[in-house]
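Fold and contact review
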Amino acid sequence: MSLHRLAIDSAAREPGRPAVAGPTGDLCYAELDYAANALAHRLRAMGVAAGDRVVLWADKSPDFVVAMQAVLRLGAAYVPADGAVPVARVAAMARDCTAAAVLTSADRLAVLRDALGSLLPSADLAQEPDPEAAPVDAEVAPDDLAYILYTSGSTGAPKGVCISHGNARAFVDWAVKELGPGPQDRFANHAPFTFDLSVLDLYAAFAVGASVHLIPSELAYAPAQLAELIHQWRITVWYSVPSALTLLMRDGALLDRPAPEALRAVLFAGEPFPLPQVRALARWTGARLLNLYGPTETNVCLRHEVGPADVENDRPLPIGTPVSGDHAWAETPDGRPAAVGEVGELLVEGPTVMLGYWGVQPHQGPYRTGDLVRRLPDGSFEYLGRRDYMVKVRGHRVEPTEVETVLALHDDVAEAAVVVAGSGMDARLVAYVVPARGREVGVLGLRRHAAQRLPRYMLADEIHFLSQLPHNRNGKTDRAALTEAARAEAVVSHPTEQPHASER
Amino acid sequence: MPDQEMTKRIAEYIREKFLDGDPQGELQDTSPLLEWGVLNSLRVAQLIGFLREEFGVVVPPREIHADNLRDVRSITAMVARLA
């Protein structure tokens, strides 16, 4: 069954119940349904048809959710872009996926039309819905494309991960079975719509006629406010990266007040969650704590529920056992399945594994995650790190080479290297930049240059200048030696902040 | 406190904490801080803490949005309004 059917069925069952809520506005299921049908008609009039792609570029809001629904109802696929993403990147995405249209907010329309510089239709996504609009509900096959999520790519250009209705439904249906939510449930949506965590928030809620409460991106890391919202909105299901939970506990005084009674599940994914934090959370709330695992390419494919053993033992939190009908195993460097206790690359096969990357051959066979894991006796896995250079900053995956490529495009830059300093909450993207001979580069000018080409989460937290980059014997940048080189040149004008002492 | 003084202190904080001191003197009152990644989500939290300590201004959640954090000028305007 299709992904859009979830909200359509809930609108028929529970028309008056809240569907989308939060500071950016509220919609009940009937309103969501009307607005999605009306926008679907407008899109059709603009020439959008089944099988097309439509880019959605806006801040998180109920209108954005309506637009997703409208595109799906036509049998087309949506391509979400955060409002903070620079227009040049949106235009590049639209060209890459040969979008049939781009929808954005009224204030971005002019700049978007300039950037597209073509006849590609674009429109304001917020317009008064016509309550008379006839229902639109395209029949789709499980392998039909539902949405494309662009992630950081190692070649210097973003990669479009293509997720089908069948992929998304396999994992949303699992989430519904796992959590057993009902119409009374209130899901928080912390992650941006461009991040796969948001798919669970939205569609698990829509599947059962529950409400999803949108947290605007400006509030996503404002700890005291977030802690307040969890209470005020009586959130029942929370899902975020561990960084956000750590921040809530450390700076938001989350644990100072009794846990809200309404809260019954806390889900986290995207990066390892340090055990002391998990224990603090487990002492505070009786809610179920679930560690979910899955790159964008596979959706959620493993899950581990925090239990007494995790509170007593000193092992890192496992990433768990396969869910959503998937199979997962570890492959050793010599190509055989890892035995218990052995380390290998995690491979995943099953209904949640993506169709492929946009513009390349469809994906075949098991997906190689690039994550190194140890196989545990109970069939679950322990996460050990990455095989390649990909890094995670506050749950967002970043290919440092993509950021380096963009920095090196600046006229006054000869070379750049990007690494992550610190870990967990204190992870920071650090750029080392070598100015071109005889040139001076300003931090702010370079930031402007990067901001015009990269999404915000890929902008360096720190930029340092070096006279040259350290190289290893193969002539490649020696990333491990960068911090030392910077120190030796004493170009770091003030010491970087000390990471916080162990939370234990 | 006059707005000018407030602007100066906020700009100084941003230079020192987020721009390595800004040796080229590029920061202006209208430099877009969010857009260029000078302020990210974590630094917004730090900045809000600074505003509380420095000016005794508690910024409520509804005020924490892009319009109020766009640049030094809009941050100053928000603080002046809330003070």
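Let me sum up the structure you'll find in this document. Please read these numbers as outputs of a predicted model, since none were measured by experiment. Here the residue numbering is sequential within each chain, running from 1 through the sequence in written order. Think of it this way: whatever chain is written first is A, whatever ligand is written first is 1, and the rest follow in order. Only residues with pLDDT of 70 or above have their local features reported here, since the model is predicted, and side-chain atom pairs are shown and tallied only from 80 upward, although totals for entire chains, interfaces and linings are computed over all residues. With hydrogens and water excluded, all non-hydrogen atoms of the structure serve as input to the side-chain values.

1. Considering the pattern of salt bridges
Should the charged atoms of two oppositely charged side chains come close, the side chains can pair. All names here are of chain A. Note the threshold: For this document, the term salt bridge refers to a Lys or Arg side-chain nitrogen within 4 Å of an Asp or Glu carboxyl oxygen. Throughout this description, buried means an accessible area under 20% of the type-specific maximum (1.4 Å probe, protein chains only), exposed means over 50%, and partly exposed covers the range between.
Summed over the entire model, instances satisfying the criterion amount to 28 salt bridges over all chains. Across the salt bridge formed by D334 and R336, the nearest N and O atoms sit 3.6 Å from each other. Judged by relative accessible area, R336 falls into the partly exposed class, the value being 37%. Here E382 and R374 are joined by a salt bridge, their closest N and O atoms 3.4 Å apart. Among the ionic contacts, a cluster of salt bridges with common partners joins E178, R288, R303 and E305.

2. So, the environment of Y357 of chain A
All names here are of chain A. The condition is simple: Secondary structure counts use DSSP, requiring at least four H or I residues in a row for a helix and at least two E residues in a row for a strand, with both numbered from the N terminus. For this analysis, a polar contact is any N or O atom pair within 3.5 Å, provided that within protein one partner can donate a hydrogen and the other can accept it, and provided that sequence-adjacent residues contribute only side-chain to side-chain pairs.
Tracing the backbone shows Y357 in strand 18 (residues 356-357). Sequence separation of Y357 and K159 is 198 residues, and the distance between their C-alpha atoms is 6.5 Å. Engagement of the side chain of Y357 in a polar contact is seen with the side chain of E297, the distance being 2.6 Å.

3. Concerning the sheet that holds strand 23 (residues 413-421) of chain A
The pairing of strands in a sheet happens through backbone hydrogen bonds and is either parallel or antiparallel. All names here are of chain A. Just so we agree on the cut-off: Pairs of strands are assigned from DSSP output, requiring at least two bridges between the strands. Every angle, taken between N-to-C directions, lies between 0 and 180 degrees, and every axis is a line fitted to C-alpha atoms, over only the stretch in contact when it is a helix. The contact criterion used throughout is that any non-hydrogen atoms of two residues lie within 4.5 Å.
Ordered by their spatial adjacency, 3 strands build an open sheet running 23-24-25, and the pairing between neighbours is mixed. In this open sheet, the two edge strands, each paired with only one partner strand, are strand 23 and strand 25 (462-465). Between one strand axis and the next, the sheet turns by 25° as a mean value, whatever way the strands run. Sheet topology places strand 23 next to strand 24 (residues 428-435); 8 bridges connect them, and they run antiparallel. Residue pairing for strand 24: V420 is matched across the bridge by L429. Where helix 13 (residues 443-451) meets the sheet, it contacts strand 23, strand 24 and strand 25, and its direction lies at approximately 125° from that of strand 25.

4. What about the nonpolar core?
All names here are of chain A. Spelled out, the test is: Nine residue types can take part in a nonpolar core, namely buried Ala, Val, Leu, Ile, Met, Phe, Trp, Tyr and Cys, and a core is a set of them joined through side-chain atoms within 4.5 Å.
Within the largest apolar cluster, 91 residues are counted, with the highest numbers of intra-cluster contacts made by L200, Y203 and F206. With 9 residues, the single largest contributor to this core is helix 7 (residues 197-208). With residues up to four places along the chain from it excluded, the contact list for L200 reads F171, W174, A175, F187, A205, Y239, L267 and L292.

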